[in-house]
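# A closer look at the structure
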Amino acid sequence: EAFVGDETHQVRQLRCCEVRWETDDTGQLTRPQKIAGTGFSVSADLVLLATGFDAVDLGLIECDYQVPLNSRGLITVDRANMTAEPGVFAAGDVDEGPSLVVRAIADGRRAALGVMGYLQKR
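This part takes up the overall build of the protein chain. Check the secondary structure of the protein chain and you find two helices and five strands. Reading the helices (α) and strands (β) of the protein chain from amino to carboxyl end gives β-β-β-β-β-α-α. Restricting to contacts in the protein chain with at least 6 residues of sequence separation, those with at least 24 account for 38%. Entry remark: accessible area of the protein chain is about 8,900 Å², with carbon and sulfur atoms responsible for 53%.

If you want it as structure tokens, here you go:
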């Protein structure tokens, strides 16, 4: 449901809940529906989001960061896959668009190297 960070915008915790996926009349999955009373928190210092092959709905990814999107509605990243928000990286469908898994893997590896380089400088 939310990323919880400290004053430096470092993620420290995830607020989560269980969801129920419902289908429409055609059998397609709809947006997940929160299950009331199932909230819980998880400690974290790194968050990796994995999305599917379908077009990315960035509205499902809510956080305090306002990362710029390109004309296709995808997250803009630099050569290390870092967004305009220092320490926030994106890879795969959210910056390349829906594609083959091999492209997502290569993009994920590039992002991992970017994260490693960023952390080593700190």
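What follows is about the side chain of Thr 38. Take Thr 38: it is sitting in the loop between β4 (29–34) and β5 (40–43). There is a polar contact of 2.9 Å between the side chain of Thr 38 and the backbone nitrogen of Glu 18. Discounting residues that sit within four places of it in the chain, Thr 38 has contacts with Cys 16, Cys 17 and Glu 18.

Let us look at helix α2 (residues 101–121). Residue pairs three or four apart in sequence face the same way in an α-helix, which turns once every 3.6 residues. Look at α2: 30 Å from first C-alpha to last across 21 residues, which is about the 30 Å you get at 1.5 Å a residue. Restricting attention to buried positions, one finds in α2 the residues Asp 107, Ala 111, Gly 114 and Val 115. Looking straight down α2, one finds that the buried residues subtend no more than 100° of arc, so they occupy a single side. Every exposed residue of α2 that faces more than 90 degrees away from the buried side is listed here: Val 102, Arg 109, Leu 113 and Gln 120. Contact partners of the buried residues in α2: α1 (93–96).

Another point: the environment of Gly 117. Along the chain, Gly 117 turns up in helix α2. Along the primary structure Gly 117 and Ala 80 are separated by 37 residues, whereas in three dimensions their C-alpha atoms are 8.5 Å apart.

Moving on, we come to the pairing of strand β1 (residues 2–5). On a regular strand, each side chain points to the face opposite its neighbour's, so the side chains alternate between the two faces of the sheet. As defined by bridge partners, β1 adjoins strand β2 (residues 11–16) across four bridges and the pair is classed as antiparallel. Looking across to β2, one finds that Gly 5 is bridged to Val 11.

Looking now at the sheet that holds β2. Strands sit in the order β1-β2-β5 across an open sheet of three strands; the sheet is antiparallel. Looking at which strands have only one partner, the edges of the open sheet turn out to be β1 and β5. On average, each strand axis in the sheet is tilted by 25° relative to the strand beside it, whichever way the strands run. With four bridges joining them, β2 and β5 adopt antiparallel strand pairing. By the bridge assignment, Arg 15 is partnered in β5 with Ser 41.

Further remarks concern a nonpolar patch on the surface. A contiguous nonpolar surface patch, about 400 Å² in accessible area, is contributed by Leu 100, Val 101, Val 102 and Ile 105. Along the chain, Val 101 turns up in helix α2.

A separate point is the pattern of salt bridges. Under the counting rule described, the total for this entry stands at five salt bridges. The shortest N-O distance in the salt bridge between Arg 12 and Asp 6 comes to 3.0 Å. Between Asp 107 and Arg 110 there is a salt bridge, and its shortest N-O distance comes to 2.6 Å. Placement of the pair is Asp 107 and Arg 110 together in helix α2, with a separation of three residues, close to one helical turn. Taken together, the salt bridges that share partners define one network made up of Glu 96, Arg 103, Asp 107 and Arg 110.

Reading the values: the criteria
Residues numbered from 1 in each chain as written. Predicted model: local features only at pLDDT ≥ 70, side-chain atom pairs only at ≥ 80, totals over all residues. Heavy atoms only, no water. Helix = DSSP H or I, 4+ residues; strand = E, 2+ residues; numbered from the N terminus. Contact = heavy atoms within 4.5 Å. Areas by Shrake-Rupley, 256 points an atom, 1.4 Å probe, with all protein chains shown as cover. Polar contact = N/O pair within 3.5 Å; in protein donor to acceptor, adjacent residues only side chain to side chain. Expected span 1.5 Å × (residues − 1). Buried < 20%, exposed > 50% of the residue type's maximum accessible area, 1.4 Å probe, protein only. Arc of directions from axis to C-beta. Pairing = 2+ DSSP bridges. Axes fitted to C-alpha atoms, helices over the stretch in contact; angles between N-to-C directions. Patch = residues over 30% accessible without salt bridge, like charges linked within 9 Å, V, L, I, M, F, W, Y side chains within 5 Å. Salt bridge = Lys/Arg side-chain N within 4 Å of Asp/Glu carboxyl O.

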